[in-house]
Amino acid sequence: MVAGGIQIQTMKIKTTIVLTLMAGSLVALAQTNSTFETTNVPETVPSGTNMAPAIPVLQIDAGKVTGNVSPTLYGLMTEEINFSYEGGLYGELIRNRTFKANAQGPVFWNAVGDTTIALDTNQPLNTALNVSLELDTSKASKNSLVGIANGGYWGIPVRPNTTYRASFYARGKHFSGPLTISVESTNGDKVFAKAIVPHISGKWEKYDVALATGNIETSKDNRLVISTTKPGSFFNKHGTVWFQNVSLFPPTCNSRMNGTRPDIMQLLADMQPKFLRFPGGNYVEGNTIAERFNWKETIGDVSQRPGHRSPWGYWSTDGFGLLEFLEWCEDLHMQPVLAVYAGFSLRQQHIAPGAQLEPYVQDALDEIEYVTGDANTRWGAQRVKAGHPAPFALNYIEIGNEDFFDRSRNYDARFAEFYDAIKAKYPNLQIIATTPVKSRVPDLLDEHYYRSQEDMQAHALDYDKYSRTNKTKIFVGEWATRVGSPTPNIAGALGDAAWMTGMERNSDIVVMSCYAPLFVNVSQIRGANRSMQWTTDLIGYDALTSYGSPAYYTQKMFSAMHGNEILATDSQNIPTREWQPRAFRGVTPPPQQIRQIFFDATRDSESGIIYLKVVNEAGTAQKINVQIKGAPTIEPDGEAVSLTADSPDDTNSLEQPQKIVPRPEIVENLSADFTREFSPYSITILKLRTK
Ligand code: AHR
């Protein structure tokens, strides 16, 4: 017993939890894989005690490697939410290009001039795009054009000296052109680029034009207009023209035809992600079976893709389909983590295991063949035909998403069917379950955590307690500290960083992790037709620019700066603060003491560099003593990178994208026993040279 009633055990700790009763609250004192002898010094110092504030001590045993950092620890998770692809990463600038967003009318389209526009189901381009936009040209004249206009996803970005590609399908009746295609300001005052299609045929045909801007100013309050001054043909002035798949693309990443936005791709590339989990999330399941991510309808020419309603309330053209996800992986050197539809949709529609599930299992096998098969396979040949001869390397398949929501409780049986069929044909594929199952031993289990900052910190040591003998590894496939909107603030980033030290320290079992959601279009975060469905998203953007949140920079720092070996650690005198967890099912739990300092240490076995990550969530600077044993030497000069803020609400935004960014610094006077002051609200990575 020591003063304050805290009992500390003196013993060799190996994944040990010491539970101490303190001031009526249960304080968990945990430290993993440690070889340190603990002393009669409390590891955490509860707030409000009269104990003399002892300096926190972080101890690293460089002579003891407790495991390896998984090379796939840091990745990305994505789905169509918050206008992630349409109005986000996908380069397409036209909103509702296929006119299928709303069967009642041509939403997001306007008539220009004295005319009317309407949806028409009698002139379909094909069975996939089975509605078209009808324009009455009869009132067009030399001085009074008529046309259709689209304002994009909260604007159409226009930049100087840039060439855009516009394309559309059209068919005329008593109308043979010409049509003028222009990008102009919303009020039509300024025309930035235009091109003419001289002749429109009476049959559906595709038309392509290049639209080149000159020395103009960058802007986004713009629209695409397709117009004419001709009312009709020579013999009949009452012309009509129908449109379908009206598209406008800016230059894309790696100049891909159906490609992605370079600024967002650059933000992602800087994170050095190792994998991409797609296409969901709820998006893989859909609200109903009919609205699932039906991959076979997302491949091939975009004009053959019917599109579908996403569970997040808006239409997806599926222009960003399976191949586009894979090319995104290719562009960023990530491996795909492919989630397949597993027979459960969000509104509790499900497919019974057995014969009814078989076609869905076959769909998954076909999907794997599309990704990995060569030209001699049925589905591999489809990918080759689509312009990607090389198969993609695939190691991970996830069966469904969050199947604990399935009230029929048949996931175990559904999982077994997918597992057996996939393993039989692709024995090397690692199979991920979305909730614990008993029927088979999954290679990985996908765990999801969305928490407050305090809750995240309270759970930051959880993986220290996980079984090391369990055959199933952990994939934290969705997680976030949900503080800050639309994107997380520094408080969110601090919760994240605390949690990430726990994942990294236990990366022998937590082999993959990815924050979610990844994206949010911040153009209209409230109201009807809003661009955000879920608050606290890693990266924000509008039509023109994008920015990373403090949590984004935390991800970037963690992903770019770690070694391959996990070193044993221990700590003393960690300050704490009291936190009242929220009531659950009417029961208010007792208040908890939560730590204010989190850390982990990894080492690069080649260079000998130790990466020490320290999170100080407190609003005061913390002098911390770092003790390192087992290293031949610690060079006096090192480096540090830190992310700090003045207040927990501080954040980045479109207006202030760089308010909180990592700052590098040279550090001096390092040794095997040094003391450093860590700023309030800070995340610091110290690079310590040992050779
Ligand atoms: O990330 C947002 C949603 O949270 C995902 O779609 C779903 O898997 C989870 O419930």
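Relevant structure appears above.
Residues numbered from 1 in each chain as written. Predicted model: local features only at pLDDT ≥ 70, side-chain atom pairs only at ≥ 80, totals over all residues. Heavy atoms only, no water.

Overview of the nonpolar core
- Within the largest apolar cluster, 105 residues are counted, with the highest numbers of intra-cluster contacts made by Leu268, Trp328, Ile399 and Phe418.
- Top element by residues in this core is helix α9 (residues 490-505). It accounts for eight residues.
- Those residues in contact with Leu268, other than ones at most four positions away along the chain, are Leu76, Leu89, Pro273, Trp328, Leu332, Leu518, Phe519 and Ile539.
- Counting residues in each nonpolar core, the second largest holds 33 residues, with Leu93, Ile117, Val183 and Phe192 among its members. (Core = buried A, V, L, I, M, F, W, Y, C linked by side-chain atoms within 4.5 Å. Buried < 20%, exposed > 50% of the residue type's maximum accessible area, 1.4 Å probe, protein only. Helix = DSSP H or I, 4+ residues; strand = E, 2+ residues; numbered from the N terminus. Contact = heavy atoms within 4.5 Å.)

Describing the pairing of strand β36 (residues 638-644)
- Of all seven residues making up β36, five are buried, and the element is well covered by its neighbours.
- Judged from the five bridges that link them, β36 and strand β37 (residues 663-667) form a sheet pairing that is antiparallel. Bridged to Glu639 within β37 is Ile666.
- Relative to strand β39 (residues 682-688), β36 runs antiparallel, the two being bridged by six bridges. Its bridge partner lying in β39, Val641 is registered against Ile685. (Pairing = 2+ DSSP bridges.)

Structural notes on helix α6 (residues 378-385)
- Along α6, the residues that are buried comprise Trp379, Gly380 and Arg383. Down the axis of α6, the buried set is contained in an arc of 105°. They therefore lie on one face. The exposed residues of α6 that point more than 90 degrees off its buried face are Arg378 and Lys385.
- Looking at the buried positions of α6, the neighbouring elements they touch are α4 (322-331) and α5 (358-372).
- Directly beyond the C-terminal end of α6, a positive phi value near 100° is found at Gly387. (Arc of directions from axis to C-beta.)

Quick word on the pattern of salt bridges
- In this structure the tally under the stated criterion is 29 salt bridges.
- Among the ionic pairs, Asp363 bridges to Lys296, the shortest N-O distance being 2.7 Å. Here the residue Asp363 occupies a position in helix α5, and Lys296 occupies one in the loop between α3 (282-285) and β17 (308-309), the gap between them amounting to 67 residues.
- Since its relative accessible area comes to 16%, Asp363 is described here as buried.
- If you follow the salt bridges from partner to partner, you end up with Arg256, Glu327, Glu330 and Asp331 in one network. (Salt bridge = Lys/Arg side-chain N within 4 Å of Asp/Glu carboxyl O.)

What to know about the side chain of Glu324
- Residue placement: Glu324 occurs in helix α4.
- One polar contact links Glu324 to Arg305, side chain to side chain, over a distance of 3.1 Å.
- When residues no more than four places from it in sequence are discounted, the contact partners of Glu324 are Asn258, Thr298, Arg305 and Gly319. (Polar contact = N/O pair within 3.5 Å; in protein donor to acceptor, adjacent residues only side chain to side chain.)

Some points on the sheet that holds strand β8 (residues 132-136)
- Strand order in the open sheet formed by five strands is β7-β8-β15-β10-β13, and the pairing between neighbours is antiparallel. The strands lining the two open edges of the sheet, one partner per strand, are β7 (117-120) and β13 (205-212). Strand after strand, the sheet turns through a mean of 35° between neighbouring axes, direction not considered. (Axes fitted to C-alpha atoms, helices over the stretch in contact; angles between N-to-C directions.)

Notes on the sheet that holds strand β28 (residues 539-541)
- Pairing is mixed across the open sheet formed by three strands, whose spatial order is β27-β28-β29. Edge positions in the open sheet fall to β27 (519-521) and β29 (546-548), since each of these has one partner strand only. Strand-to-strand twist of the sheet, defined as the mean angle between neighbouring strand axes without regard to direction, takes the value 20°.
- Two elements, β27 and β28, share three bridges in a ladder whose sense is parallel.

Overview of the packing of α9 against helix α10 (residues 550-560)
- α10 packs onto α9 with a crossing angle of 25° between their chain directions and a minimal axis gap of 8 Å. Judged on the interaxial angle alone, α10 and α9 are roughly parallel. Where α9 crosses over α10, the handedness of that crossing is right-handed. Between α9 and α10, the residues in contact are Ile490, Ala493, Asp496, Ala497, Met500, Thr501 and Glu504 and Pro550, Ala551, Thr554, Gln555 and Phe558, respectively.
- Taken together, the residues of the contact of α9 with α10 break down into seven nonpolar, three polar and two charged. (Parallel < 35°, antiparallel > 145°, perpendicular 65-115°, else oblique. Left-handed = near helix turned anticlockwise from the far one by under 90°. Nonpolar A, V, L, I, M, F, W, Y, C, P; charged D, E, K, R; others polar.)

Let's talk about the site of the ligand
- Around the ligand, a shell composed of Glu79, Gly281, Asn282, Trp312, Asn401, Glu402, Tyr450, Glu478, Pro517 and Trp534 is seen.
- Taking Asn282, its main chain carries an N or O atom lying 2.9 Å from an oxygen atom of the ligand.
- Between the ligand and Asn401, the relevant distance is 3.0 Å, taken from an oxygen atom to a side-chain nitrogen or oxygen of the residue.
- Burial of the ligand by the protein chains amounts to 94% of its free accessible area of 290 Å². (Near = heavy atom within 4 Å. Areas by Shrake-Rupley, 256 points an atom, 1.4 Å probe, with all protein chains shown as cover.)

Looking at the pairing of β39
- A large share of β39 lies buried, amounting to seven of its seven residues.
- Of the two faces of β39, the one carrying Ser682, Thr684, Leu686 and Leu688 and the one carrying Ile683, Ile685 and Lys687 are both buried.
- Sheet topology places strand β34 (residues 610-616) next to β39; seven bridges connect them, and they run antiparallel. For Ile610, the partnering residue across the bridge sits in β39 and is Leu688.

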